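The residues making up each chain are set out below.
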Amino acid sequence: MLKVGTEGVYPPFSYHQGDQLTGYDVEFMKALGNRLGVQIQFVEVPWDSMFAALTSGRIDVVANQVTKNPERAGLYDLSDPYIDTTGVVLVAENNTTIKSLADLKGKRAGQNLTSNWADTAKKAGAQIVGVDSMDKAIQNLRQGSVDVVVNDKLAVRNFLATTSNPGVKIVAETNDRSESVLAARKNSGFMPELNQGIAALKADGTSQRLYDKYFDPKAEPITDWKMIRENAWPMAWAAIKVTIPLTIISFVIGLIIALGVAVARMSTNPLAFLPARLFISVFRGIPVLVLLSLIYFGLPQFGWTLAPFTAAVIGFSLNVAGYGAEIIRAAIQSVPRGQWEAARTIGMDYRTTLRRLIIPQAARTAVPPLSNTLIDLVKSTSLASSILVVELLRQAQIAAAPTFKFFTLYGLAAIYYWLISVALSFAQARIEKRVSRFVA
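Anyway, here's the lowdown on the structure attached to this text. Every chain's residues receive numbers from 1 upward, in the order its sequence appears when written. Where local features are concerned, this predicted model is filtered to residues with pLDDT of at least 70; where side-chain atom pairs are given and counted, the filter is 80 or more; whole-chain, interface and lining totals use all residues. As a rule here, side-chain values cover all heavy atoms of the structure and leave hydrogens and water aside.

## Observations regarding the overall build of the chain
- When helices and strands are tallied, the chain shows 16 helices and 11 strands.
- Along the three orthogonal principal directions, the C-alpha set of the chain runs to about 90 × 45 × 40 Å.
- Taken across its 440 residues, the chain has 50% of its residues classed as buried.
- Counting only contacts in the chain whose residues sit at least 6 apart along the sequence, the fraction spanning at least 24 positions is 74%. Starting at the N terminus, helices and strands are each numbered in turn, a helix being any DSSP run of H or I of at least four residues and a strand any DSSP run of E of at least two. Exposed residues in this analysis have more than 50% of their type's maximum accessible area, buried residues have under 20%, and partly exposed residues fall in between, with area computed by a 1.4 Å probe over protein chains only. Residue contacts are counted whenever heavy atoms from the two residues lie within 4.5 Å of one another.

## Topic: unusual backbone geometry
- Cis rather than trans, the peptide bond between Pro-11 and Pro-12 has omega equal to 5 degrees.
- With respect to the helices, strands and loops of the structure, Pro-12 is situated in the loop between β1 (2-6) and β2 (15-17).
- One non-glycine residue with positive phi stands out, namely Asn-187, at about 60 degrees.
- Here Asn-187 shows up in the loop between β11 (168-185) and α7 (191-203).

## With respect to empty space enclosed by the protein
- Both cavities and pockets are sets of points on a 1 Å grid over the protein atoms alone; in a cavity a 1.4 Å probe fits but cannot get out, in a pocket the set is open with protein on both sides within 12 Å along at least five of seven lines, and lining residues sit with an atom within 4 Å of a point. Grid points are joined across faces, edges and corners, and a volume is the space filled by probe spheres set on the points. Applying the stated rule across the entire model yields 1 cavity of 30 Å³ or more.
- Considering only enclosed or pocket space, the largest cavity measures out at about 140 Å³ in volume.
- If you trace the largest cavity, you find 16 residues lining it, with Tyr-10, Trp-47, Asn-112, Ser-115 and Trp-117 closest to the centre.
- At the level of elements, β5 (61-67), α4 (116-123) and β10 (149-152) are the ones that each hand at least two residues to the lining of the largest cavity.

## Considerations on the environment of Gly-303
- With respect to the element layout, Gly-303 can be found in the loop between α11 (288-298) and α12 (308-333).
- It is 9.3 Å that separates the C-alpha atoms of Gly-303 and Ser-56, two residues lying 247 residues apart in sequence.

## So, the nonpolar core
- For the purposes of this section, nonpolar cores are sets of buried Ala, Val, Leu, Ile, Met, Phe, Trp, Tyr and Cys residues that join through side-chain atoms within 4.5 Å. Counting residues in hydrophobic clusters, the biggest one holds 55 residues, and the most contacted among them are Phe-51, Ile-59, Phe-316 and Ile-387.
- If near-sequence neighbours (up to four positions away) are discounted, Phe-316 is found in contact with Leu-246, Ser-250, Val-288, Leu-292, Leu-377, Ser-380, Thr-381 and Ala-384.
- With 54 residues, the next largest nonpolar core counts Val-61, Leu-154, Leu-194 and Tyr-214 among its residues.

## Quick look at the packing of helix α1 (residues 24-36) against α7
- Only C-alpha atoms enter the line fits that serve as axes; for helices the fit covers just the stretch in contact. Angles between N-to-C directions range over 0 to 180 degrees. With their axes 9 Å apart at the nearest point, α1 and α7 run at an angle of 110 degrees to one another. Overall, the two elements α1 and α7 adopt an arrangement that is roughly perpendicular. Between α1 and α7, the residues in contact are Phe-28, Ala-31, Leu-32, Arg-35 and Leu-36 and Glu-193, Leu-194, Gly-197, Ile-198, Ala-200 and Leu-201, respectively. The cut-offs work like this: below 35 degrees is roughly parallel, past 145 is roughly antiparallel, 65 to 115 is roughly perpendicular, and the gaps in between are oblique.

## Description of the packing of aromatic side chains
- Two aromatic rings from Phe, Tyr or Trp, using only the six-membered ring of Trp, form a pair when their centres are within 6.5 Å; if the ring planes differ by under 30 degrees the pair is stacked, by over 60 it is edge-to-face, and anything between is tilted. Throughout the structure, instances matching the rule amount to 9 aromatic pairs.
- Pairing Tyr-296 with Phe-297 gives two aromatic rings, centres 5.0 Å apart and planes at 80 degrees, and the pair type is edge-to-face.
- Judged by relative accessible area, which is 2%, Tyr-296 ranks as buried.
- In this structure an aromatic cluster arises from ring pairing among Tyr-24, Phe-28 and Tyr-82.
- The cationic tip of Arg-58 hangs over the ring face of Tyr-296; the distance from NZ or CZ to the ring centre is 3.6 Å. Definition used: whenever NZ (Lys) or CZ (Arg) falls within 6 Å of the ring centre and also within 35 degrees of the ring normal, the charge is taken to sit over that ring.

## Some details on the pattern of salt bridges
- Salt bridges are defined as contacts in which a side-chain nitrogen from Lys or Arg sits within 4 Å of a carboxyl oxygen from Asp or Glu. One pass over the structure, following the stated rule, counts 7 salt bridges.
- Two residues, Glu-27 and Lys-213, come together in a salt bridge whose shortest N-O distance is 2.5 Å. One end of the pair, Glu-27, is in helix α1; the other, Lys-213, is in helix α8 (residues 206-214), with 186 residues separating them in the sequence.
- For Arg-35, the salt bridge is made with Asp-204, and the minimal N-O distance between the two is 2.3 Å. On the criterion of sequence distance, the pair formed by Arg-35 in helix α1 and Asp-204 in the loop between α7 and α8 is long-range, its members being 169 residues apart.

## Looking at the side chain of Thr-174
- Along the chain, the position of Thr-174 falls in strand β11.
- The exposure class assigned to Thr-174 is buried, which follows from its relative accessible area of 7%.
- As used in this structure description, the phrase polar contact means that two N or O atoms lie within 3.5 Å; if the pair is within protein, one of them must be able to donate a hydrogen and the other to accept it, and residues adjacent in sequence are counted only when both atoms belong to side chains. Within polar-contact distance, the side chain of Thr-174 engages the side chain of Thr-86 at 3.2 Å.
- The contacts of Thr-174, once residues within four sequence positions are left out, are Thr-86, Gly-87, Val-88, Leu-101, Trp-117, Thr-120 and Val-150.

## Structural notes on the environment of Pro-369
- Turning to its location among the elements, Pro-369 is positioned in helix α14 (residues 350-380).
- C-alpha of Pro-369 to C-alpha of Phe-302: the two residues are 67 residues apart in sequence and 37 Å apart in space.

## Details of the packing of α1 against α8
- Contact geometry of α1 with α8 gives a least axis separation of 10 Å together with a crossing angle of 160 degrees. Between α1 and α8, the angle falls in the class roughly antiparallel. For the crossing formed where α1 meets α8, the hand is right-handed. Side by side, α1 and α8 meet where Tyr-24, Glu-27, Phe-28 and Ala-31 of the first sit next to Thr-206, Ser-207, Leu-210, Tyr-211, Lys-213 and Tyr-214 of the second.
- Amino acids outside the nonpolar list (Ala, Val, Leu, Ile, Met, Phe, Trp, Tyr, Cys, Pro) and the charged list (Asp, Glu, Lys, Arg) are all regarded as polar, and Gly is one of them. Split into classes, the residues belonging to the contact of α1 with α8 amount to 6 nonpolar, 2 polar and 2 charged. By convention, the crossing between two helices is left-handed when the near helix turns anticlockwise from the far helix through less than a right angle, and right-handed when the turn is clockwise.

In structure tokens:
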């Protein structure tokens, strides 16, 4: 089994047709696997996380138009080139000020930060504006958020051929020749066989057949309504299968942790309240995206490798616990002190008082802010796509990439998030009414 990392949102090299991953790189790797007698498992990874996934052992090989350069050759095992291309300078169709690479000085270029094309634009004097993928770079260009995009000629030609009214144009080619290679961890031992397979696919005409298939495309217009019909259920299923379970599991675990931390935070024992204060400070202070990346990409360097969904649950649970602990603490402290004293007069110990008297009353105060935390968590699950979790937003990105119909599919995703939030708001009202019975 060879785990191959690819973006899945970079047509014509790696993209989705319906729920099927396809593209030049995908079909080339399948053919290479058949030639070598190796089963290929594709792992979809955002480009800027690709080499982190490779280094951490999440994937074995990168097949995503990796350009060969001395820096990468020093860090990774690189194969022989399997396709050659060059870069193009892309601008808005009404732009008349940029006509060559020399005109990029001081201009804003929308680029993947770790791509070879970002280096090309930077050397030309452009100010680099980081984007996640080519489709987002072109969308920013069309909107005027950036002035120029430098990217692979074949990918850009495919976009222009398959998009009606693209709104952008090619004004120049770069001077460099880009050799695309496969990348693996240093001293992986994969390259001798992979190079033999690449040579064999070139010799038997497979490479040329795939080239002709993907780089001489015909325009296939698609309407917004067709996009909605084709993607409404896959996106809904991603919400049902991943987004909602991820939210519920993370919130429940986070709430349990938060209760323990809140109680420790109120203790007079330094061995209890100091670690609790540190926990709250750390997990409220670290951005969720950074926390997810540390857990998923960082822990494998210490021998702890977690599945994407598991890593997401841990990250979101810790974030919920950091905020939830303070909400629960404030709710408990809002209960009049006389309630504690009354409980002691009838012989209740601390735990019994907390469980049977204080927490039921505190719940009424805690429900609204905890509900806000839950709704925020629903929306935050969209960040899980950065660690390879295919949730609702990632499904929308996958569907939008080949067609560039961002408003249609992101709008549909927004409706789904809103509907989930509305359902949670109704549940909040019911829970508030139920817990109110504990308060006179």
